[in-house]
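Okay, here's what each chain looks like letter by letter:
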Amino acid sequence: MTSRRYHQSLAWALCALAGVELLVTVAGVLGQRVSIGDLVDSYILTNTAIGVGFAGCGGILAVARPANRVGWLLLGAGLAPLTTAALAPVLLYGITHGWPEWTLRVLASVFYAAWPLGICMFLPLALQVFPTGRPVSPRWRALFWATVAVGVCFTVAMATAPDPLIIAERAVHSYIELPFYDTLDPLWFAANLAPLFALLGAMAALVVRYRRGDERLRRQLLWLVWALIVAVGLNLPRWLVGGGPILLLLAIPLVPVAITIAILRHQLLDIRLVLSRTVLYLLLSVAVIGAYAGLLTLFDALLRGAGAPVLATLLIALAFNPVRVWSQRRVDRLLYGSRSDPVLAVSQVGARLAADDLAGVLDGTRDALRLPFAALRRDGRELAATGQPPPSLHTVPLTFHGARVGELIVGVRSGDRRLATADLAVLDLLAAPLATALHASALAEEVQASRERIVAAREEERRRLHRDLHDGLGPALTGAGFKADAAHNLVLSSPDQAAALLSDLRRDIREAIDDVRRLVYGLRPPTLDELGLAGALRRHGATLPLTVTIDAPDTLPALPAAVEVAVYRIGTEALTNVARHANAGTARVSLAVDSAVRLSVVDDGPPDGPWVPGVGLTSIRERATELGGTCTAGPTPAGGSVVAVLPLAVPT
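What you see is a predicted model, and the numbers here were worked out from it, not measured in a lab.

Cut-offs used in this document
Residues numbered from 1 in each chain as written. Predicted model: local features only at pLDDT ≥ 70, side-chain atom pairs only at ≥ 80, totals over all residues. Heavy atoms only, no water. Patch = residues over 30% accessible without salt bridge, like charges linked within 9 Å, V, L, I, M, F, W, Y side chains within 5 Å. Areas by Shrake-Rupley, 256 points an atom, 1.4 Å probe, with all protein chains shown as cover. Salt bridge = Lys/Arg side-chain N within 4 Å of Asp/Glu carboxyl O. Helix = DSSP H or I, 4+ residues; strand = E, 2+ residues; numbered from the N terminus. Phe/Tyr/Trp six-rings, centres within 6.5 Å; stacked < 30°, edge-to-face > 60°. Buried < 20%, exposed > 50% of the residue type's maximum accessible area, 1.4 Å probe, protein only. Lys NZ or Arg CZ within 6 Å of the ring centre and 35° of its normal. Pairing = 2+ DSSP bridges. Axes fitted to C-alpha atoms, helices over the stretch in contact; angles between N-to-C directions. Core = buried A, V, L, I, M, F, W, Y, C linked by side-chain atoms within 4.5 Å. Contact = heavy atoms within 4.5 Å. Parallel < 35°, antiparallel > 145°, perpendicular 65-115°, else oblique. Left-handed = near helix turned anticlockwise from the far one by under 90°. Nonpolar A, V, L, I, M, F, W, Y, C, P; charged D, E, K, R; others polar. Expected span 1.5 Å × (residues − 1).

1. A few points about a nonpolar patch on the surface
So, point 1. Together, L45, L247 and L250 give the surface a local cluster of nonpolar side chains, amounting to about 220 Å² of exposed area.
So, point 2. Turning to its location among the elements, L250 is positioned in the loop between α8 (215-241) and α9 (254-264).

The following block contains the structure:
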C-alpha cells in the first residue's frame, strides 16, 4: 500500500510538472503576443496538444494502474513535447530581453533534445509493452533496451546538430557543438532511421501480442489500432512528401486516449464497429481523391479542359454509393462475420454439425458471427464451450418437437448491450439443427446408459446362475451321489437303512429337479415351447385379477428365440403393471408380425392418468433397446398404453 501511494504521489508530481510547462507555454505565447500563424508554424500548438494528450492520459493510468509501465511511459512521452513547447516562448523572451548567449544555447540544446525522447523513445516503448506493461515475452526485452539506445542516439544527433534554431530572426546554436559532426554523417543517418525501426519493432510486438492474445486483449489492441489508423492515415501524406497541414498532427493525441480507454474501459463501446467505419471512410476518401485526380487528368487530356471537373465529379458521385455499400459489406464481413447472410452462416456451421462435433459447431458459430463466446447446455450441464465468456450473455432456447432440450449461450460483443437483429436471425436459424443435434446426443447417451445397464444386468444374471449352480444344485447333486453310494453299500447288510437313504435320495433329486426347472424358466419360459407366444401370454393373463384379451394371428411365424423371449417378457411385465397400478378392469394384448414384431398392451384405466416410470417400465424399454427396437409407454385418453416394436433381425 505504501509503494502504491508513493507511485501515485510521483504521478501527481509529474502531472503537476506537465501543468507548469503548459502554463509557461500559454503565458509565454500570450506575453510575447505570438500570432496564430507563428503558433502553428513553430509547432508550439501541436507540441502542446500532443504533450497534454500524452501527459494527461499517462497521469490517469499512472494513478489508476501504478504497476503498469504504460502510464509512466506516456507521461514521459507527454513531458518531452511539452518541454519543447514551453522553451519556445522562453527562448523568444530571452532573445528579446538580451539573455546571455550561453543561457540561450543551453535552452536550445534542451529544446532540440526534448521532443525526440517523446516520439522516438517513450512512445515506441509504450507501444511495445501495451497493454500489460510488460514485453510480449522475455525474448522481446532486447527490443525494449534497443529502443532505449535508439532514442538516446537520435536525441544526441538532434541536440548536437549544427543547424541553428531560428527564433525572432535570430539563430541560436546548440550548446554542444561537435567540430567533427560532418565526419559522422553515416552515424547520424543511421540515427535518423533508427526511430523508424523502433516504431516498426513496436508494431511487430503488437502483431505478435494480437495473434497470441485472447478476446479481451484483442479488443484492447483494436482501440490502439483504430487510433493509429486515424493518426497515421491523416499524417502519412505529409510525412511522405515532407509537407502538408501541420494541424493534422493534432490527431496524434488520439493514440494516448485510445490506450487509456483500452486499459481502463475497453468495453466502452464496440470498437470493431468504430474501426470498420473508420477504415471504410478512410479508404473511400483515398479512393475518391485518387479517382477524382485520375479522371480529371484523363478528361483534361480528352476534352481539353471543357467540362472536365464537372464530368469527373458526376462520375464520382454516381459511383460513390455502390462502392460504399460494397466496401461496407466486405468490412462488416471481416468484423461481424456472415450475420448479414444467414444462409451462408448456417451453411458454414452445418458442415461441422454433420461431423457430430459440438465443440466444432460452437467454433463455427463464433467464427460465422465473430462472437467472443459460445456454449451448449442441457439440464444445467455444460456440454461444450469455446472462447472466454464476457459479462453479457444471450440465451437461445433449443426446442425439439415442442420440448426444450437445451440452450445455446453466446457472448455479446464487447461494447454492445445486446445482440443485433441480424445476429438473432442467424441464431434462430441455427437453433433448429442444434436442437436436433442435442436431442440426438441425449438419445445416444440414453442408449449408451441403457446398454451399460443391460451389460450389468446380464453379468448379474450370470453371477446369479453361477451362485445357484455352485451353491445349490452342485452340493445337492454331490450329496445325492454320496447317499446313492451309501445305499448301495447297505442294501445287503441293512436293507432298512438302505431304504431310508433311497427315500432321502428321491426327495433330494426332486428338489434338484425343481431348482433346474427354476433356472431353466429364468432363461426361457417353458410355456413358450408348450403353448407358443400367444398361448403363453394368454396363460399369464389368466392368472391376473382382470380380463385379458389376446388379439393375435392364428399362426405366428417362427421368431428368433431372443425376440420371442423379449416380447413375452415385455407383455407379461406390461400386464402385471396393469394389474398392480392401472386400476383397470380389462386389458387387450395385440400381436402383429411383418418385418418386425409389434406388441401393444392397452387397458381401460383412468384416461390420461399419472404415470410414474419405475423398475418395470425401465426393464421393458431396456429389453426393447437391447434388440434394436423401440418402446413407448404412457397414458392416453382411452387408458394406459405400452407399444413395443422389435425388429426380427437381432443386432449383434
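There is more to say after this.
2. Re the packing of aromatic side chains
So, point 1. Here the structure, examined in full by the defined rule, presents three aromatic pairs.
So, point 2. Ring plane angle 80° and centroid distance 5.3 Å describe the contact between F144 and W145, whose orientation is recorded as edge-to-face.
So, point 3. For F144, a relative accessible area of 10% puts it in the buried group.
So, point 4. Judged by its relative accessible area of 57%, W145 is exposed.
So, point 5. The ring centre of F144 lies 5.8 Å from the NZ or CZ of R69, which sits over that ring.

3. Digging into the environment of R366
So, point 1. Tracing the backbone shows R366 in helix α13 (residues 358-369).
So, point 2. Residues R366 and V410, 44 residues apart in the sequence, show an inter-C-alpha distance of 8.4 Å.

4. Side note on the sheet that holds strand β5 (residues 393-400)
So, point 1. Here we have four strands laid out as an open sheet, ordered β4-β3-β6-β5, and antiparallel in their pairing. The sheet is open, and its two edges are formed by β4 (381-387) and β5, each paired on a single side. The mean inter-strand angle of the sheet, taken between neighbouring strand axes irrespective of direction, is 20°.
So, point 2. Both strand β3 (residues 373-378) and strand β6 (residues 403-411) contribute to a ladder of four bridges, which runs antiparallel.

5. What to know about unusual backbone geometry
So, point 1. Between F130 and P131 the backbone carries a cis peptide bond, its omega angle lying at -5°.
So, point 2. With respect to the helices and strands, the residue P131 is situated in the loop between α5 (101-129) and α6 (141-159).

6. So, the pairing of β6
So, point 1. Burial within β6 is extensive, with seven of its nine residues counted as buried.
So, point 2. The pairing of β5 with β6 spans eight bridges and is classified as antiparallel. When the bridges of β6 are listed, L393 appears paired with G411.
So, point 3. The turn linking β5 back onto β6 is made up of two residues, and H401 within it adopts a positive phi angle of 55°.

7. Some details on the nonpolar core
So, point 1. V70, F130, L224, V255 and I259 are the most contacted members of the largest nonpolar core, which has 36 residues in total.
So, point 2. Of all the secondary structure elements, the ones that give two or more residues to this core are α3 (44-64), α4 (69-96), α5, α7 (185-212), α8 and α9.
So, point 3. With nine residues, α8 is the largest single contributor of residues to this core.
So, point 4. Setting aside chain neighbours within four positions, we find L224 in contact with L127, F130, L206, V255, A258 and I259.
So, point 5. Counting 34 residues, the second-largest nonpolar core is a separate cluster that includes L546, V578, V597 and L617.

8. A look at the pairing of β4
Regular strands place side chains that alternate from one sheet face to the opposite one.
So, point 1. Two elements, β3 and β4, share six bridges in a ladder whose sense is antiparallel. Bridging across to β4, F373 finds its partner in G387.
So, point 2. Following β3, the chain reverses through two residues before pairing antiparallel with β4; D379 in that reversal takes a positive phi of roughly 55°.

9. With respect to the environment of M121
So, point 1. With respect to the helices and strands, M121 occurs in helix α5.
So, point 2. We classify M121 as buried; its relative accessible area is 9%.
So, point 3. Between the C-alpha atoms of M121 and A149, which are 28 residues apart in sequence, the distance is 8.5 Å.

10. Some details on the packing of α5 against α6
What describes two packed helices is the angle between their axes and the distance between those same axes.
So, point 1. Contact pair α5 / α6: the axes reach a minimum separation of 8 Å and the direction vectors enclose 165°. In terms of axis orientation, α5 runs roughly antiparallel to α6. Handedness of the crossing formed by α5 with α6: right-handed. Of the residues in α6, those in contact with S109, Y112, A113, W115, P116, L117, C120, M121, P124, L125, Q128 and V129 of α5 are L143, F144, T147, V148, G151, V152, F154, T155, M158 and A159.
So, point 2. Along the lines of polarity and charge, the residues of the contact of α5 with α6 split into 17 nonpolar, five polar and no charged.

11. A few points about the sheet that holds strand β9 (residues 596-603)
So, point 1. Taken in spatial order, the five strands of this open sheet run β7-β8-β9-β11-β10, and their pairing is mixed. At either end of the open sheet lies a strand with only one pairing partner, and these are β7 (547-551) and β10 (630-636). Sheet twist, expressed as the mean angle between neighbouring strand axes with direction ignored, is 10°.
So, point 2. Strand direction decides the pairing type here: β10 and strand β11 (residues 639-647), joined by seven bridges, are antiparallel. Bridge pairing in β11 links C631 to A644.
So, point 3. Docked against the sheet, helix α18 (residues 615-626) engages β10 and β11, running at close to 150° with respect to β10.

12. Observations concerning the environment of I509
So, point 1. Structurally, the position occupied by I509 is in helix α15 (residues 495-523).
So, point 2. On the basis of relative accessibility, which here comes to 40%, the residue I509 falls in the partly exposed class.
So, point 3. Sequence separation between I509 and G479 is 30 residues, and the spatial gap between their C-alpha atoms is 9.8 Å.

13. Some details on α3
So, point 1. Here α3 contains 21 residues, and its C-alpha end-to-end distance of 30 Å stays within 8% of the 30 Å for a straight helix at 1.5 Å per residue.
So, point 2. Where burial is concerned, most of α3 is hidden: 15 out of the 21 residues are buried.

14. What to know about the packing of helix α16 (residues 526-542) against helix α17 (residues 561-582)
So, point 1. Their axes nearest at 10 Å, the elements α16 and α17 cross at an angle of 25°. By the angle between their axes, α16 is roughly parallel relative to α17. Here α16 and α17 pass one another in a crossing that is left-handed. Facing α16, whose interface residues are T527, L528, L533, A536, L537 and H540, α17 presents E564, V565, V567, Y568, G571, T572, L575 and T576.
So, point 2. For the contact of α16 with α17, the class distribution of residues is eight nonpolar, five polar and one charged.

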